[in-house]
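# Observations on the three-dimensional arrangement
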Amino acid sequence: MAAPRAIVIHGHFYQPPRENPWLEAVEVQDSAAPFHDWNERITAECYAPNTAARRVDDSNRILDIVNNFEGISFDVGPTLFAWLVRQAPGVAARIVEADRASVAARGHGNAIAQVYNHQIMPLASRADKVTQVRWGLADFRLRFGREAEGMWLPETAVDDETLEVLAEAGVRFTILAPAQAWRVRALGNDAWHTVNDAIDPSRPYLWRGSRGLSLAIFFYDGPVSRAIAFEHLLQGSERLVARLRAGFAPERDWPQLVHCATDGESYGHHSRFGEMALAAALQQLEADESVSLTNYGAFLAAYPPTHEVQIHEATSWSCSHGVERWRADCGCRVRGDWHQRWRAPLREALDWLRDQVDPFFEARAGALLKDPWEARDEYVGVVLDRRRERLERFLAAHQRVPLEPAARLEVRRLLELQRNRLLMYTSCGWFFDEISGLEPVQILRYASMTLQYLRDLGGGHLEPEFEERLAKAPSNLAAYGDGAEVYRRLVAPAVVDLRRVVAHFAITDLIDAHPDDAVYAYRVRRLDEAREAYGATALRIGHVEVQSEITGEAREATFALLHFGGHDFSCALQAWEGRAAYERMKTDLLRRYARYSLADMVRGIDEYFRGEAFGLPHLFLEERRRVLARVIGTVLEKHEETYRRIWEENRKLVRYLRQADAPIPEALAIVARHVLEQEALAELGRLEGPGPLPERVYELVSEALALGLTLDLAPAKTHLQAVVDRALDAVAVAPTAEGVADACRLVADARAVGLRFGLWGTQNRFFEIWRARLEARATLVPLATELGFKLALEAP
């Protein structure tokens, strides 16, 4: 009887933490356009499509929609998963559902854990290794509701101490590159055999540590993995399946495993439609009775290791020089003509900062907590659940004695100091080519946050010395010169304190009221307020309390905001000096404003408020752009009637120019496009239910096309998508022929005029209805056809 043959396809899904450390939110990243940021873009291109991958026929008609995560082994980085839960909860939920389905099908889940924030483990201290592993396992437990059997190491970077830490934590296996194996021997055999890059990947291997700890290691198939990642193997499912099947060797008489491991982003982001190739390949493998599609936990349980392995220490899958890519100019890079001499000074600067922080933390936290390092390891519970009751349980378990409010605040600051100190070692900060890139700037922001906590806690103002060390890190770009200039220009302006939060709140709330008084990771409570407006100017005086939702720190402040109209704001701030002083100031400034003397008003603010005034440039990036958009919109509204008049007066002329094959003057083309767009968007905004689009929309689009113009109707997408969703909801509740016809007409009309309405999500929703309403499938066929499906009426 032939030995069992199994296949595992593993995807390592990861994005670095991109949140502004002060705001705990990802700000807009223009390089990811047309998406808001890179997380959103890669979710649209990879993570979401893999939860609803299309299987299609030769005519590209959809035959089935499947969740690829049910068929592959995978890990999802904790920092990415936290973002998905907040910003794409449906995607996160379907990933968890897939893992549960795999547990039900195979007895072991497809998901494995990942080290918390992708730190290169051989370059970390033992204490950091322990924290990274414990935080990663805790995150996995929260997301998937079970213990992790395996754990992915960032860049598969490994040393014996890292494996020992994994084993101590109860991890049963990890996955490495074949070149990371040094030598093997059969269990019970004393003779080691050196393998280097030639290890047999078809079996798991047992690793033993010096203290009697052990775990299994799977070494993935290198050629297959490289072909997926770099050799366009995902251009067709047949090629992928053939390559996997070719990995089996007939001479092997033991249970064989053919398995590959790549970045999960290969399936859709790096290789467009890669998720479809994967879906088709999984279908073919599931239908092949000669192989079993499985996961690592299930294979290891069925076929424990028969051989032992020792590894090459301080190695990884993405640097041929070991782990030098994350501390030296080793030659591993993306762009060939740039140096990476900045890597070593950046690493040295962060190591220096770590060495200042850790003794300070140990001494200060040791006076308040039983074991500062144990508290750091368990602080992940608070990071993952910011509710007050979770914090109370944490403090009750770790405090030496019941803590006063000031001491509790100090503990939270100390632990946030350590959290940011850990985040500044995220591996992507060194992976790419230039120190002014998004990823190095991100870890420098975490370093800046660390410095800020250290200073506020009384640990000294170390930023000048930190910048001196960064000055040794040369940039490839003359505009920056070195890491110190990168820090000053790209990091320092992002620093946030409570004063800036108050100014942000005061200005944005004047433009568009905050219903819940939330400003990112801060809560602002209004204690008193007075507003006056005259002509184009406005005055706002307020007394507020602002509190950090991360540390609980709270302060009161007073502000006076003058809006001179348009984008011209001036917000003055001062610390709370008592009720009497505040009322005196407020009464005087309101009196001056009532006299309509702007100069006297400005003098009054200068008398009461000292220091820097805040304006539009001090707003956080996203809100700054939103306020500017509102200001620009107000300006354009004033001229809307002028545009319409110009268009109506020149409409016949423009048509004649087009008929005469003469060029339309650019100024008239701009006006025509604007007026026609606004009218079409207004018509679409009035659309409420399913059925045909307003005839006027067709007329406007046709007129634009006749003039050689293309209208941008993208702003209508959200509203139109809501209308389509309501049409599908109606079909789901009562799938009548009339309701299906209305939905078909709406979809057909939208596509006819080039309107985007979220086709991918609409297809997913329809497919859910198709699977749930077996009795109505004959009625649903026209809508299936309109949405690009070719489905069988009978139930599978």
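Residues numbered from 1 in each chain as written. Predicted model: local features only at pLDDT ≥ 70, side-chain atom pairs only at ≥ 80, totals over all residues. Heavy atoms only, no water.

It is worth spelling out the overall build of the protein at this point. Counting its regular elements, the protein contains 28 helices and 19 strands. Over its C-alpha atoms the protein spans a radius of gyration of 31 Å, differing by no more than 12% from the 28 Å that the globule rule assigns to 796 residues. Each principal axis of the C-alpha distribution contributes one length, and for the protein these read about 95 × 70 × 50 Å. Buried residues in the protein amount to 55% of all 796 residues. (Helix = DSSP H or I, 4+ residues; strand = E, 2+ residues; numbered from the N terminus. Rg over C-alpha atoms; globule rule 2.2 N^0.38 Å. Buried < 20%, exposed > 50% of the residue type's maximum accessible area, 1.4 Å probe, protein only.)

On to the layout of surface pockets, then. The volume enclosed by the second largest pocket comes to roughly 1200 Å³. Forming the walls of the second largest pocket are 46 residues, and the residues nearest its centre are Glu 155, Phe 230, Asp 263, Trp 317 and Phe 431. Put simply, the parts of the chain that give the lining of the second largest pocket at least two residues each are helix H1 (38-51), helix H6 (222-230), strand S12 (256-263), helix H15 (428-431) and helix H16 (438-456). The dominant element in the lining of the second largest pocket, judged by the number of residues it contributes, is H6, at six residues. (1 Å grid on protein atoms, 1.4 Å probe; cavity = no way out; pocket = protein on both sides within 12 Å on 5 of 7 lines; lining within 4 Å. Points joined across faces, edges and corners; volume = space filled by probe spheres on them.)

Before going further, it helps to examine the pairing of strand S10 (residues 205-208). Bridge analysis of S10 against strand S11 (residues 214-219) gives four bridges, and the strand direction is antiparallel. Looking at the pairing, Leu 206 lines up with Ala 216 of S11. Of the strand pairs in this sheet, S10 and strand S14 (residues 307-311) are connected by two bridges, and their pairing is parallel. Residue pairing across strands places Leu 206 opposite Glu 308, the latter belonging to S14. (Pairing = 2+ DSSP bridges.)

The subject of this paragraph is a nonpolar patch on the surface. A contiguous nonpolar patch, built from Leu 628, Ile 632 and Leu 636 and spanning about 230 Å² of accessible area, is present on the exposed surface. Turning to its location among the elements, Ile 632 is positioned in helix H22 (residues 621-659). Judged by relative accessible area, Ile 632 falls into the partly exposed class, the value being 48%. (Patch = residues over 30% accessible without salt bridge, like charges linked within 9 Å, V, L, I, M, F, W, Y side chains within 5 Å. Areas by Shrake-Rupley, 256 points an atom, 1.4 Å probe, with all protein chains shown as cover. Salt bridge = Lys/Arg side-chain N within 4 Å of Asp/Glu carboxyl O.)

Further remarks concern the sheet that holds S14. Strand order across the open sheet formed by six strands is S7-S11-S10-S14-S8-S9, with mixed pairing between neighbours. Two strands bound the open sheet, and with one partner strand each, they are strand S7 (173-176) and strand S9 (193-194). In the sheet, S7 pairs with S11 via four bridges, with the strands oriented parallel. Its bridge partner lying in S11, Ile 175 is registered against Phe 218. Helix-sheet contacts for helix H5 (residues 160-168) involve S7, S10, S11 and S14, and the interaxial angle to S11 is about 115°. (Contact = heavy atoms within 4.5 Å. Axes fitted to C-alpha atoms, helices over the stretch in contact; angles between N-to-C directions.)

Turning our eyes to something else, we now look at the packing of helix H20 (residues 579-594) against helix H21 (residues 598-608). Following both chains from N to C, one finds H20 and H21 inclined at 165°, their axes separated by 8 Å at the closest point. Classified by the angle their axes make, H20 and H21 are roughly antiparallel. The element H20 and its partner H21 pack so that their crossing is right-handed. Of the residues in H21, those in contact with Arg 584, Met 585, Asp 588, Leu 589, Arg 592 and Tyr 593 of H20 are Asp 600, Met 601, Arg 603, Gly 604, Ile 605, Glu 607 and Tyr 608. (Parallel < 35°, antiparallel > 145°, perpendicular 65-115°, else oblique. Left-handed = near helix turned anticlockwise from the far one by under 90°.)

Attention shifts here to H1. Taking 1.5 Å as the rise per residue, H1 with 14 residues should run 20 Å; its terminal C-alpha atoms sit 19 Å apart, in good agreement. Of all bends in H1, the biggest is about 50°, found at Ala 44. Most of H1 sits inside the fold, with 10 of its 14 residues counted as buried. At the N-terminal end of H1, a side-chain oxygen is found 2.9 Å from the backbone nitrogen of Asn 39, two or three residues along, and the residue is Asp 37. (Expected span 1.5 Å × (residues − 1). Bend = angle between axes of the 7 residues up to and from the residue. Polar contact = N/O pair within 3.5 Å; in protein donor to acceptor, adjacent residues only side chain to side chain.)

Turning next to unusual backbone geometry. Between Ala 33 and the following residue, Pro 34, the backbone shows a cis peptide bond with an omega angle of 10°. If you trace the backbone, Pro 34 turns up in the loop between strand S1 (5-13) and H1. Non-glycine residue His 232 carries a positive phi angle of around 60°. The topology assignment puts His 232 in the loop between H6 and helix H7 (237-245). Here His 232 falls in the exposed class, since its relative accessible area comes to 51%. Phi at Phe 273 takes a positive value of approximately 65°, unusual for a residue other than glycine. Note on placement: Phe 273 falls in the loop between S12 and helix H8 (274-287).

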